[in-house]
6 protein chains.
Amino acid sequence: MRPSGRAPDALRDVSITTGFSHHAEGSCLIRMGGTEVLCAASVESRVPPFMRNSGLGWVTAEYGMLPRATHTRGDREAARGKQSGRTQEIQRLIGRSLRAVVDRAALGEMTITLDCDVLNADGGTRCASITGAWVALNLALRHLVKMNVIKTIPLIGQVAAVSCGLVEGAAVLDLDYQEDSSAEADANFVLTDGGIVEIQATAEKTAFGEPQFHELLALAKLGAGRLFEIQRAAVEAA
Amino acid sequence: MRPSGRAPDALRDVSITTGFSHHAEGSCLIRMGGTEVLCAASVESRVPPFMRNSGLGWVTAEYGMLPRATHTRGDREAARGKQSGRTQEIQRLIGRSLRAVVDRAALGEMTITLDCDVLNADGGTRCASITGAWVALNLALRHLVKMNVIKTIPLIGQVAAVSCGLVEGAAVLDLDYQEDSSAEADANFVLTDGGIVEIQATAEKTAFGEPQFHELLALAKLGAGRLFEIQRAAVEAA
Amino acid sequence: MRPSGRAPDALRDVSITTGFSHHAEGSCLIRMGGTEVLCAASVESRVPPFMRNSGLGWVTAEYGMLPRATHTRGDREAARGKQSGRTQEIQRLIGRSLRAVVDRAALGEMTITLDCDVLNADGGTRCASITGAWVALNLALRHLVKMNVIKTIPLIGQVAAVSCGLVEGAAVLDLDYQEDSSAEADANFVLTDGGIVEIQATAEKTAFGEPQFHELLALAKLGAGRLFEIQRAAVEAA
Amino acid sequence: MRPSGRAPDALRDVSITTGFSHHAEGSCLIRMGGTEVLCAASVESRVPPFMRNSGLGWVTAEYGMLPRATHTRGDREAARGKQSGRTQEIQRLIGRSLRAVVDRAALGEMTITLDCDVLNADGGTRCASITGAWVALNLALRHLVKMNVIKTIPLIGQVAAVSCGLVEGAAVLDLDYQEDSSAEADANFVLTDGGIVEIQATAEKTAFGEPQFHELLALAKLGAGRLFEIQRAAVEAA
Amino acid sequence: MRPSGRAPDALRDVSITTGFSHHAEGSCLIRMGGTEVLCAASVESRVPPFMRNSGLGWVTAEYGMLPRATHTRGDREAARGKQSGRTQEIQRLIGRSLRAVVDRAALGEMTITLDCDVLNADGGTRCASITGAWVALNLALRHLVKMNVIKTIPLIGQVAAVSCGLVEGAAVLDLDYQEDSSAEADANFVLTDGGIVEIQATAEKTAFGEPQFHELLALAKLGAGRLFEIQRAAVEAA
Amino acid sequence: MRPSGRAPDALRDVSITTGFSHHAEGSCLIRMGGTEVLCAASVESRVPPFMRNSGLGWVTAEYGMLPRATHTRGDREAARGKQSGRTQEIQRLIGRSLRAVVDRAALGEMTITLDCDVLNADGGTRCASITGAWVALNLALRHLVKMNVIKTIPLIGQVAAVSCGLVEGAAVLDLDYQEDSSAEADANFVLTDGGIVEIQATAEKTAFGEPQFHELLALAKLGAGRLFEIQRAAVEAA
């Protein structure tokens, strides 16, 4: 039995509220159980120096956590003067994940920055960020189409992310903070409809076996399928 | 006529939603028109080194703005590696304003940190932060009373803040971004029921006269009175 | 009775020695009692990027305090690797104060930087910086006229600053460090001949009343009038 | 045909020279083709604050690349004043990988820091770092046994890492820089004799399929088995 | 003929005004021609961690230059967020030079920090700093004797510094900025009555010969002798 | 008798292995006893902004020490976020030393950066860096000649560096770490065939005499002569 009473293959309650940032070209507040992330897409009509004259667009991400998003207050990274290794690792992952479903030639020389800011944290913030960022990105691209900046939405698919883990020997889907703290292994899967964009699987204590890994991957595909539906519903309702 | 159609002495719509941060001892989301600030109070059972063994508590604040809270995306301070002068100025102001209504001897050697994070900005973010932070602080202190950490709420009054300005020669209350950008003078008043905690009045172009300053102060007292009611209602409903 | 024996409305001894920086286009050492600030104006024939092609000039300020300007040695900000919030707040104030009396269109696309470095501190360093910086700025502008860079001095008036405070319930002018440490309220006024440029009034312990604020403002106008005379005398003697 | 002429399942030439750092408790220079990493283990008889009085030891890692380890010179991170996100990501991975095979209770309250510095880079530097760091760690632990600081070597197995990738549709083992630059997918596997410690698989362009992932995993197990032999030989020869 | 009209072996006019910093235990303003450095000695009754329980005192120095001490305004190091390599090199030199004449056992576990801040620069600022710092240090030590903190002044001699250089083939003493800019070689000598504390000799263009070096050393001894007299006179007059 | 058994005028064993960095235009690993420094020369076809359109080339250096190059592990400068004063002092010295033997007009507007990274430290790392950097620079220049970028090697001579010191009253050549730690004086000499490029002589405890300085200089000339031979042999064998 999981602490939350969920079945091993059950996601937490997920909701996506679009338009949370008043000024962003696309935005949403994604909730996965007690985790809440504000995702905002900002469009700029130029690319970073290393991309200039390539004809390609750029999609990147920044991640942050409000100091009191967590059980005990954490340092404010702006006050400490640097982003932690964990923060940088996560924002690099978000950026890579979204670029995997963008047709950057069709986007053209523009930059879209996804800001993912965690307002409340209860496990799985990087996965919620990716899933929400796809919605914010989609809405920003729709806005560009409506403004006649681009002709069609330069997306080649959906991308969503979900964590799975081994808790007391059992494979479970979408860990909350309590499960995450005691898991023997923790894996984040970034998936498209039919493919793998990124896998980050980590043994927390000792190595785990290949069959267990396959169980986690199967759960992830199940969860991602459900998240794709919620993403589509949110975009259609916007 | 103001761009928003408001009367010179009218506040924007104000609402305060308590409990927005799940983990904080006290929190609220304050909205003043299009400005939205998440205020969270965190309690720690120790004081900074310079206060130790003084028998006094400490109340401090940190302020931040999400990169896309504004019309065009701003740099993330954590990524740039330092807080701007403006950020530091504001967070110092918030801390001073709240300390003016706390009985620090009655609080005892604890620290309460108020995190004020702007989710959406449309002018007046520092004033909204102070007004909301008082609510978050009050709720955190109630929590400490309920937990039997302290006997009574160590507050000696309410504090709220409001901006006023001279726009096209006329004194107006509670400037939004559009008015703020074109104001001849801009003044932030931090007030208690019967007194002044802080005045920051600035000529944006050239010096202004003393009679005009008095008009601004009169508007501020009017606005603060209304904010005190809204603060009380929010705390009582929590 | 004040610790210094001064009357409530008496300034400390003020002197302004021009030309202290050998290389600056304009400079002075201003002494207000035991406070000594070296103010140097540097002219550059370009403006910051955000001002380019605006036809307007820019006036800005930087503030610093030598480590042993104070009773006990403070950290050197260059060694610590950042300027404190207090330093940034003060240098922003100095810049705003001077811009309020400059005709930036008449100046044209040049930048004048005012460096205000405190050699000895005994209270009121930000006010002395503003008062001295106006003299340094004036001398630098005279130099530009003499060099035929500009036709006339693009100043629309004088600006000076003075602190006032409530000490043991009484309003007094131009606080020294000892009074400043024990004041119930502390207010800095930046004034022109007939107007207000900036007011920063702060309750140090609890809120103060409006009548007291008016007493402080009246003292400030008195003090500023005397400082204007001293500024003019210094400039004429240069 | 691979650019290097290697078979799809062939590692590059691997050699491990122990004792390269004169002062370290354990060290080696690992070469995998043109990639050379100096791995040094340093022992300290205390743990970081968050581990104190836990009875557990700590193993951590730092990673660096000499500026001219690469084809074109890169910035020196010490001169730029911060470690890149990539550097932090890698050093966190190395530390986690080694902790997965250490019995930290048997180690006791000591810290072992693995410094992995890339002298020459030709792809796969993070994998070479992990494989070499295990050798340096093993030698440092042997040294502690010889010094009678601990009774037995607190290792529960070997850990090695190898990269695999999809290059022009084919799964290949141990990518060099040229292959890495053009790979469709890139996966780093950190493995023990029978288990998985970490998987980081990334689609470089678009998503890849599950069958392809299984091919990569199979290659990785093959490669890791060969690396375990080379590690054992190096340690025995030391 | 030197640009200043001085003989090859002539120092510039030197003066030392003691007591310039009101709060420092010892201080002076040293002028060598157009170079002016404020030297302040601060006493603390503890030593840095690496010196604790050694029974020895510590003497250290910090160096800074006001932004407009130079012909064109330089960046403020506090604003840039770090001290330049040049600044660090100079302050390390000043600290070493003074420690060479202090009996640190007789001083006991106290730290004396010498702040050397250049108000006006015209060449030779590091040498003026060392010569002035000795006076500030001496005065601070006298103060400690007067306060009965130590019995006798723990100085084993005087230390002074002077620059020499090869300008158009000729060896000259005490270079000003103009000479320094065009010198073929530049040497700073830190000397005691009979000995050498530090020599830093640098070829600015190409290597110079040993006989020339001897000429520079001879001039330096001459100049230092004169500086010792001026130091003694300043201390006696204080 | 020296701890190493060497005669007072004996260098440690010196060897120079060229080509250690696979990608650098010129490189070597220099060993002086237990000190090992990897020197790599990188060529860029542009100069820093302050040199543009001067027709002159630029030669600069960066220095680093691996954390465990020393007896006890030191902080990694990249992790601490800044280079120490010592590091900056050394890299400035290396750059100046090499520029003294380069004909920068003949080089033309290119930059050559010498990275000197200490793999193992046993005293004299700055001297070994300079001696090795000359070899790396020479090889990079030969490479440019071979590539027809320049016609002839724009070097006007050789430069090498060696440390000397007073240990228990005796002048000795090429100090190792043990001697360096206990030396009364320590001097680094950067010499060309017939001239002096830089002298840095420092009294570690109290001042030393002029005759002693001359002994040190004589030893340095002897040692440098031997290093010139080893440099030439290394370059010829490359």
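As shown above, the structure is provided for reference.
What counts as what
Residues numbered from 1 in each chain as written. Chains lettered and ligands numbered in written order. Predicted model: local features only at pLDDT ≥ 70, side-chain atom pairs only at ≥ 80, totals over all residues. Heavy atoms only, no water. Helix = DSSP H or I, 4+ residues; strand = E, 2+ residues; numbered from the N terminus. Buried < 20%, exposed > 50% of the residue type's maximum accessible area, 1.4 Å probe, protein only. Contact = heavy atoms within 4.5 Å. Least-squares fit on C-alpha atoms with pLDDT ≥ 70 in both. Salt bridge = Lys/Arg side-chain N within 4 Å of Asp/Glu carboxyl O. Disulfide = S-S within 2.5 Å. Pairing = 2+ DSSP bridges. Axes fitted to C-alpha atoms, helices over the stretch in contact; angles between N-to-C directions. Buried area = accessible area lost by both parts, 1.4 Å probe. Polar contact = N/O pair within 3.5 Å; in protein donor to acceptor, adjacent residues only side chain to side chain. Expected span 1.5 Å × (residues − 1). Nonpolar A, V, L, I, M, F, W, Y, C, P; charged D, E, K, R; others polar. Parallel < 35°, antiparallel > 145°, perpendicular 65-115°, else oblique. Left-handed = near helix turned anticlockwise from the far one by under 90°. Phe/Tyr/Trp six-rings, centres within 6.5 Å; stacked < 30°, edge-to-face > 60°.

1. Describing the environment of D:Cys164
All names here are of chain D.
Then comes step 1: Within the secondary structure, cysteine 164 sits in strand β6 (residues 160–167).
Then comes step 2: On the basis of relative accessible area, cysteine 164 is assigned to the buried category, the value being 0%.
Then comes step 3: Residues cysteine 164 and arginine 80, spaced 84 residues apart in sequence, show a C-alpha to C-alpha distance of 32 Å.
Then comes step 4: Contact partners of cysteine 164, with chain neighbours within four places excluded, come to Val172, Leu173, Asp174, Leu175, Ala185, Asp186, Ala187, Phe189, Leu216, Leu219 and Ala220.

2. Regarding the relation of the copies chain B and chain C
Then comes step 1: When chain B is brought onto chain C, the operation consists of a screw motion whose angular component is 180° and whose axial shift is 0.0 Å, with 0.0 Å RMSD remaining. With respect to symmetry, the two chain copies, as superposed, fit the operation of a two-fold axis. Judged by C-alpha distance, B:Gln200 is the residue of chain B that lies nearest the rotation axis, at 2.3 Å.
Then comes step 2: Both copies present the same face, since 100% of the interface residues in chain B are matched by interface residues at the equivalent positions in chain C.

3. Details of unusual backbone geometry
Comment: phi is negative for the bulk of residues other than glycine, and the bulk of peptide bonds are trans.
All names here are of chain C.
Then comes step 1: The backbone of glutamate 168 shows a phi angle near 45°, a positive value even though the residue is not glycine.
Then comes step 2: The residue glutamate 168 is located in the loop between β6 (160–167) and β7 (170–173) in this model.
Then comes step 3: A positive phi is found at aspartate 174, a non-glycine position, where the angle reads about 60°.
Then comes step 4: Examined against the element boundaries, aspartate 174 turns out to sit in the loop between β7 and α5 (177–182).
Then comes step 5: Residue aspartate 174 is classed as buried on the basis of its relative accessible area of 2%.

4. Remarks on the arrangement of the chains
Then comes step 1: Looking at chain C next to chain D, you find no contact at all, with the nearest C-alpha pair sitting 11 Å apart.
Then comes step 2: Structurally, chain B and chain F remain out of contact, their C-alpha atoms never closer than 11 Å.

5. Examining the relation of the copies chain F and chain D
Then comes step 1: If you rotate chain F by 180° and push it 0.0 Å along the axis, it lands on chain D with an RMSD of 0.0 Å.
Then comes step 2: When the interface residues of chain F are mapped onto chain D, 100% of them again lie at the interface, so the same face is used by both copies.

6. Focus on the pattern of salt bridges
Then comes step 1: A complete count under the given rule lists 119 salt bridges over all chains for this structure.
Then comes step 2: Of the charged contacts, one joins D:Glu210 and A:Lys221 as a salt bridge, the two residues approaching to 2.4 Å between their closest N and O atoms. Here D:Glu210 is found in helix α6 (residues 210–237), whereas its partner A:Lys221 is found in helix α6 (residues 210–237) on a different chain.
Then comes step 3: Its relative accessible area of 46% is what places A:Lys221 among the partly exposed residues.
Then comes step 4: For F:Arg12, the salt bridge identified is with F:Asp174, shortest N-O distance 3.2 Å. Separated by 162 residues along the polypeptide, F:Arg12 in the segment before β1 (14–18) and F:Asp174 in the loop between β7 (170–173) and α5 (177–182) bring together distant segments of the chain.
Then comes step 5: When its relative accessible area of 9% is taken as the criterion, F:Arg12 is described as buried.

7. Looking at the state of the cysteines
Note on terminology: disulfide describes a covalent bond linking the sulfur atoms of two cysteines.
Then comes step 1: This structure, assessed with the given rule, holds zero disulfides over all chains.
Then comes step 2: Here E:Cys39 stays unpaired: no disulfide links it, and the sulfur of E:Cys116, its closest cysteine neighbor, is 4.1 Å away.

8. Some points on the sheet that holds strand β9 (residues 196–203) of chain D
Pairing between sheet strands relies on hydrogen bonds along the backbone, with the strands arranged either parallel or antiparallel.
Then comes step 1: Pairing in this open sheet of eight strands is antiparallel, and the strands run β7(A)-β6(A)-β8(A)-β9(A)-β9(D)-β8(D)-β6(D)-β7(D) from one edge to the other. Each edge of the open sheet is held by one strand with a lone partner, namely β7 (170–173) of chain A together with β7 (170–173) of chain D. This sheet shows a mean twist of 15° between the axes of neighbouring strands, independent of strand direction.
Then comes step 2: Judged from the four bridges that link them, β6(D) and β7(D) form a sheet pairing that is antiparallel. Residue pairing in the sheet places D:Val167 in a bridge with D:Ala170 of β7(D).
Then comes step 3: Sitting on the sheet, helix α4 (residues 125–146) of chain D is in contact with β6, β8 (185–191) and β9 of chain D, with an inclination near 160° to β6(D).

9. So, the interface of chain F and chain D
Then comes step 1: Counting residues at the interface gives 37 residues for chain F, matched by 37 residues for chain D.
Then comes step 2: Summed over both sides, the interface between chain F and chain D buries roughly 2800 Å², with carbon and sulfur atoms accounting for 50% of that surface.
Then comes step 3: When the buried surface of chain F facing chain D is broken down by residue, F:His23, F:Arg68 and F:Arg76 rank first, second and third, together holding 26% of it.
Then comes step 4: Taken together, the connections running from chain F to chain D amount to twelve salt bridges.
Then comes step 5: Between F:Asp115 and D:Arg73 there is a salt bridge, with the nearest N and O atoms lying 2.6 Å from each other.
Then comes step 6: Here chain F is connected to chain D by 24 residue pairs in polar contact (both at pLDDT 80 or more).
Then comes step 7: Elements supplying a minimum of two residues to the side of chain F that touches chain D: β3 (35–44), β4 (58–65), α1 (77–80) and β5 (111–120) of chain F.

10. Considering helix α4 (residues 125–146) of chain F
All names here are of chain F.
Then comes step 1: Relative to the 32 Å expected for 22 residues at 1.5 Å per residue, α4 spans 31 Å between its end C-alpha atoms, a close match to the ideal helical length.
Then comes step 2: Buried residues dominate α4, accounting for 18 of its 22 residues.
Then comes step 3: Backbone geometry just downstream of α4 places asparagine 148 in the positive-phi region, at approximately 65°.

11. Structural notes on the side chain of E:Arg6
Residue and element names in this part refer to chain E.
Then comes step 1: Looking at the element boundaries, arginine 6 is found in the segment before β1 (14–18).
Then comes step 2: Look at arginine 6 and you get buried, because its relative accessible area is 11%.
Then comes step 3: Reaching out from arginine 6, the side chain makes a polar contact with the backbone oxygen of alanine 10 at a distance of 2.9 Å.
Then comes step 4: Residues in contact with arginine 6, not counting those within four places in the same chain, are Leu11, Arg12, Leu173, Asp174, Asp176 and Glu179.

12. Quick word on the sheet that holds strand β5 (residues 111–120) of chain D
Residues and elements named next belong to chain D.
Then comes step 1: The sheet built from five strands is open, its strands ordered β1-β2-β3-β5-β4 with mixed pairing. Edge positions in the open sheet fall to β1 (14–18) and β4 (58–65), since each of these has one partner strand only. Direction aside, neighbouring strands of the sheet carry axes that sit 20° apart on average.
Then comes step 2: Inspection of the sheet shows β4 paired to β5 by eight bridges, in the parallel sense. Bridged to threonine 60 within β5 is threonine 113.
Then comes step 3: Sheet strands touched by α4: β1, β2 (26–32), β3 (35–44), β4 and β5. Its angle to β3, the strand with the most contacts, is close to 35°.
Then comes step 4: Along the sheet, α6 makes contact with β1 and β2, crossing β1 at roughly 25°.

13. Quick look at the interface of chain B and chain C
By a widely used convention, the size of an interface equals the accessible area lost when the partners come together.
Then comes step 1: Taken together, the contact pairs 30 residues of chain B with 30 residues of chain C.
Then comes step 2: Interface area, chain B with chain C, both sides summed: about 2400 Å², of which 50% is carbon and sulfur.
Then comes step 3: Applying the counting criterion to the chain B and chain C interface returns four salt bridges.
Then comes step 4: Applying the counting rule to chain B against chain C returns 15 residue pairs in polar contact (both at pLDDT 80 or more).
Then comes step 5: When residues of the side of chain B that touches chain C are traced back to their parent elements, those giving at least two are α2 (85–99), β9 (196–203) and α6 (210–237) of chain B.
Then comes step 6: Counting residues per element, the side of chain B that touches chain C draws most heavily on β9(B), at eight residues.
Then comes step 7: In terms of residue class, the side of chain B that touches chain C is made up of eleven nonpolar, eleven polar and eight charged.
Then comes step 8: Relative to strand β9 (residues 196–203) of chain C, β9(B) is paired through five bridges, and the arrangement is antiparallel. Its bridge partner being in β9(C), B:Glu198 is matched across the sheet by C:Thr202.

14. As for the packing of helix α2 (residues 85–99) of chain F against α4(F)
Residues and elements named next belong to chain F.
Then comes step 1: Contact pair α2 / α4: the axes reach a minimum separation of 10 Å and the direction vectors enclose 40°. Accordingly, the angle class assigned to the pair α2 and α4 is oblique. Crossing of α2 against α4: the hand is right-handed. Of α4, the residues touching α2 (which contributes Arg86, Glu89, Ile90, Leu93, Ile94, Ser97 and Leu98) are Thr125, Arg126, Ser129, Ile130, Ala133, Trp134 and Leu137.
Then comes step 2: For the contact of α2 with α4, the per-class residue count stands at eight nonpolar, three polar and three charged.

15. Topic: the environment of C:Arg142
All names here are of chain C.
Then comes step 1: Within the fold, arginine 142 resides in helix α4 (residues 125–146).
Then comes step 2: Spatially, the C-alpha atom of arginine 142 lies 9.0 Å from that of glutamate 25, the residues being 117 residues apart in sequence.
Then comes step 3: Each residue touching arginine 142, except ones within four places of it in the same chain, is listed here: Ile153 and Val235.

16. Comments concerning the packing of helix α4 (residues 125–146) of chain B against α6(B)
Residues and elements named next belong to chain B.
Then comes step 1: Interaxial distance between α4 and α6 falls to 10 Å at its minimum, and their mutual angle equals 35°. Here α4 runs over α6; the crossing is right-handed. Across from Thr131, Trp134, Val135, Asn138, Leu139 and Arg142 in α4, the residues of α6 making contact are Leu227, Gln231, Ala234 and Val235.
Then comes step 2: Residues of the contact of α4 with α6, tallied by class, amount to six nonpolar, three polar and one charged.

17. A closer look at the packing of aromatic side chains
Then comes step 1: Scanning the entire structure with this criterion turns up 15 aromatic pairs over all chains.
Then comes step 2: Summarising the aromatic geometry, the rings of C:Phe189 and C:Phe213 are spaced 6.1 Å apart at their centres and angled 40° between planes, so their arrangement reads as tilted. Taken together, the positions of C:Phe189 in strand β8 (residues 185–191) and C:Phe213 in helix α6 (residues 210–237) put the pair 24 residues apart, joining distant regions of the chain. In this structure, C:Phe189 and C:Phe213 share a single accessibility class: buried.
Then comes step 3: Taken together, the ring pairs in this structure connect A:Phe189, A:Phe213, D:Phe189 and D:Phe213 into an aromatic cluster.

Function-wise, these values are silent; they only describe arrangement.
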